[in-house]
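Residue-level structural notes
Residues per chain, in single letters:
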Amino acid sequence: MILAHEQADQNQVTGADGGQTHFVASLIALCAACGSAATAIAEPLAADRPGQANPPSVVGADVLQLEGGINFERQTDGAPNTDTQRLPGVELRYGLTDRVELQLAGDGFVQEWRDDASDKNGLSDIGVAARLLVAGQQDWRPAAALNIGVSLPIGSDFVTSDGYDPQVEFLY
């Protein structure tokens with residue numbers, strides 16, 4: 001499990017009640033919901049953290065990898081100030097071959113707290129994609145992969161894009 005917590009000042013994690021209740025409760029719920037499983041894999045784990053890091057690697061053939069995390073953002077450069085939390089931020093990766101993987105990903109439940117009390121929450125859209133390893137790293141040449149996907153507009157009104165959003169990425 002990969003946990004990502006983005007925040008410049010951890011002392012400022014506060015909810016509408018001025019406390020840390022919503023963040024701590026969400027973190028406890030995530031940890032309780034996620035079991036731990038260990039699998040022996042011959043190669044090192046290459047986490048694919050959309051919006052954080054997208055490595056040009058694929059999981060091996062017949063490998064099923066589940067990644068999850070929490071994302072917390074604070075926007076203070078406009079009115080109203082906004083705190084946004086996404087959890088569990090799940091990505092499921094399955095290796096069809098040693099060069100091709102399928103992906104299913106979404107931000108999960110999105111909560112937004114605003115200074116003006118116009119709080120919102122809802123489920124995110126889901127993305128489906130395929131990644132093709134074009135070339136592995138060799139000497140000075142970096143690894144390269146092609147990621148092709150689409151987001152499905154199944155999220156709540158507050159979160160959805162209301163469209164099928166294509167995505168093409170060349171990763172290196």
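Now for a look at the structure at hand.

Conventions used here
Residues numbered from 1 in each chain as written. Predicted model: local features only at pLDDT ≥ 70, side-chain atom pairs only at ≥ 80, totals over all residues. Heavy atoms only, no water. Helix = DSSP H or I, 4+ residues; strand = E, 2+ residues; numbered from the N terminus. Buried < 20%, exposed > 50% of the residue type's maximum accessible area, 1.4 Å probe, protein only. Contact = heavy atoms within 4.5 Å. Areas by Shrake-Rupley, 256 points an atom, 1.4 Å probe, with all protein chains shown as cover. Salt bridge = Lys/Arg side-chain N within 4 Å of Asp/Glu carboxyl O. Polar contact = N/O pair within 3.5 Å; in protein donor to acceptor, adjacent residues only side chain to side chain. Pairing = 2+ DSSP bridges.

**Points about the overall build of the protein chain**
The helix and strand tally for the protein chain stands at 1 helix and 8 strands. Seen in sequence order, the protein chain has helices and strands lined up from the N terminus as α-β-β-β-β-β-β-β-β. Split into buried and exposed, the 172 residues of the protein chain put 34% on the buried side. The long-range fraction of contacts in the protein chain, counting pairs at least 24 apart against all pairs at least 6 apart in sequence, stands at 53%. Carbon together with sulfur atoms contributes 56% to the accessible area of the protein chain, which is approximately 10400 Å² in total.

**A short note on the pattern of salt bridges**
Applying the stated criterion to the full structure yields 6 salt bridges. Between Glu67 and Arg93 there is a salt bridge, with the nearest N and O atoms lying 3.1 Å from each other. Placement of Glu67 in strand β1 (residues 64-67) and of Arg93 in strand β3 (residues 82-95) is noted, with a sequence separation of 26 residues between them. Arg93 matches Glu67 in its accessibility class, with the two residues each being buried.

**Points about the side chain of Glu101**
Of note, Glu101 is situated in strand β4 (residues 100-114). According to the relative accessible area criterion, Glu101 is buried, its value standing at 0%. A distance of 2.9 Å separates a polar atom in the side chain of Glu101 from a polar atom in the side chain of Arg93. Only 2.6 Å separates the side chain of Glu101 from the side chain of Gln103, close enough to count as a polar contact. Residues within four places of Glu101 in sequence aside, it is in contact with Ser57, Val58, Val59, Arg93, Tyr94, Gly95, Leu96, Ala129, Ala130 and Arg131.

**Structural notes on the environment of Ile148**
Positionally, Ile148 belongs in strand β7 (residues 144-152). Taking the relative accessible area as the measure of exposure, Ile148 reaches 45% and is therefore partly exposed. In this structure the C-alpha to C-alpha distance between Ile148 and Arg131, which are 17 residues apart in sequence, comes to 6.4 Å.

**Some remarks on the pairing of strand β6 (residues 126-135)**
Where β4 meets β6, 7 bridges bridge the pair, whose relative direction is antiparallel. Paired with Leu104 across the strands is Val128, a residue of β6. Note: β6 against β7, 9 bridges, orientation antiparallel. Its bridge partner being in β7, Ala129 is matched across the sheet by Gly149.

**Focus on the environment of Thr160**
Mapped onto the fold, Thr160 is located in the loop between β7 and β8 (165-171). Taking the C-alpha atoms as reference, Thr160 lies 9.1 Å from Gly122; in sequence the two are 38 residues apart. With sequence-adjacent residues up to four places away left out, Thr160 is seen in contact with Asp125, Pro153, Ile154 and Gly155. In this structure the side chain of Thr160 is engaged in a polar contact, spanning 3.1 Å, whose partner is the backbone nitrogen of Asp162.

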